[in-house]
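# Observations on chain architecture
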Amino acid sequence: MTMRDESGEAGIRRRIETLVEGIEAKDLGALERAYAPGVVSFDVEPPLAHVGVAAKLRNWAKVFAVFEKVTYELRDLTLTVGDGVAFGHGLGRLSGTLPGGAAAGGMWVRATFCFSRIDGEWLIVHDQVSVPFDLATGRGVTDLQP
């Protein structure tokens, strides 16, 4: 898995771009096409695991209900690509405008994506979003900047 597959990497980067475009357009159909049917998501919101594309889309629908306008930024994305599987990690921030016009700056989170090439397309089979936490308080640390 140490070989660099440029065409695979380009395909995955395009998949991530379309994912971001889907988020910002609040387009559940576009998001559905980015995920494998059995995707397992470890998101910041309970429960511990969201299994299946329908569960992942319910999470996105909740986000879209909160924001009037959504912005998603992914930075420092690093990918490792093999013949049929790949993984990547970076820092993500979901922000936007709330109903009524108030800006929500969001928080930076750690994001990990696992891909599988299914029927010739790179699909997300697993993702994980997390925030660091303070060992002394047990609380998430949400004000960190990259």
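Residues numbered from 1 in each chain as written. Predicted model: local features only at pLDDT ≥ 70, side-chain atom pairs only at ≥ 80, totals over all residues. Heavy atoms only, no water.

### A closer look at the overall build of the protein
A tally of helices and strands in the protein yields three helices and seven strands. Starting at the N terminus and walking to the C terminus, you meet the elements of the protein as α-α-β-β-α-β-β-β-β-β. Radius of gyration (C-alpha) of the protein: 16 Å, near the 15 Å computed for a compact globule of 146 residues. When its C-alpha atoms are laid out on the principal axes, the protein stretches across 45 × 35 × 25 Å. Counting across all 146 residues of the protein, residues that qualify as buried make up 36%. For the protein, long-range pairs separated by at least 24 residues make up 52% of all intrachain contacts whose partners lie at least 6 apart in sequence. As presented, the protein carries roughly 8200 Å² of accessible surface, and 57% of it is formed by carbon and sulfur atoms. (Helix = DSSP H or I, 4+ residues; strand = E, 2+ residues; numbered from the N terminus. Rg over C-alpha atoms; globule rule 2.2 N^0.38 Å. Buried < 20%, exposed > 50% of the residue type's maximum accessible area, 1.4 Å probe, protein only. Contact = heavy atoms within 4.5 Å. Areas by Shrake-Rupley, 256 points an atom, 1.4 Å probe, with all protein chains shown as cover.)

### As for the pattern of salt bridges
Taken as a whole and judged by the stated rule, the model has nine salt bridges. Here Glu-45 makes a salt bridge to Lys-62, at a shortest N to O gap of 2.8 Å. Placement of the pair is Glu-45 in the loop between β1 (35–42) and β2 (50–51) and Lys-62 in helix α3 (residues 53–66), with a sequence separation of 17 residues. Judged by its relative accessible area of 31%, Glu-45 falls in the partly exposed class. Judged by relative accessible area, which is 44%, Lys-62 ranks as partly exposed. Because the salt bridges share partners, they merge into one network encompassing Arg-14, Glu-17 and Glu-21. (Salt bridge = Lys/Arg side-chain N within 4 Å of Asp/Glu carboxyl O.)

### Things to note about the pairing of strand β7 (residues 121–130)
Along a regular strand, successive side chains alternate from one face of the sheet to the other. When β1 meets β7, the two strands line up parallel, connected through four bridges. The partner of Tyr-35 across the bridge, within β7, is Ile-124. As paired strands, strand β6 (residues 108–118) and β7 are joined by nine bridges and run antiparallel to one another. Bridging across to β7, Ile-118 finds its partner in Glu-121. In this structure, the hairpin formed by β6 and β7 is closed by a connection of two residues, where Asp-119 is found at a positive phi of approximately 50°. (Pairing = 2+ DSSP bridges.)

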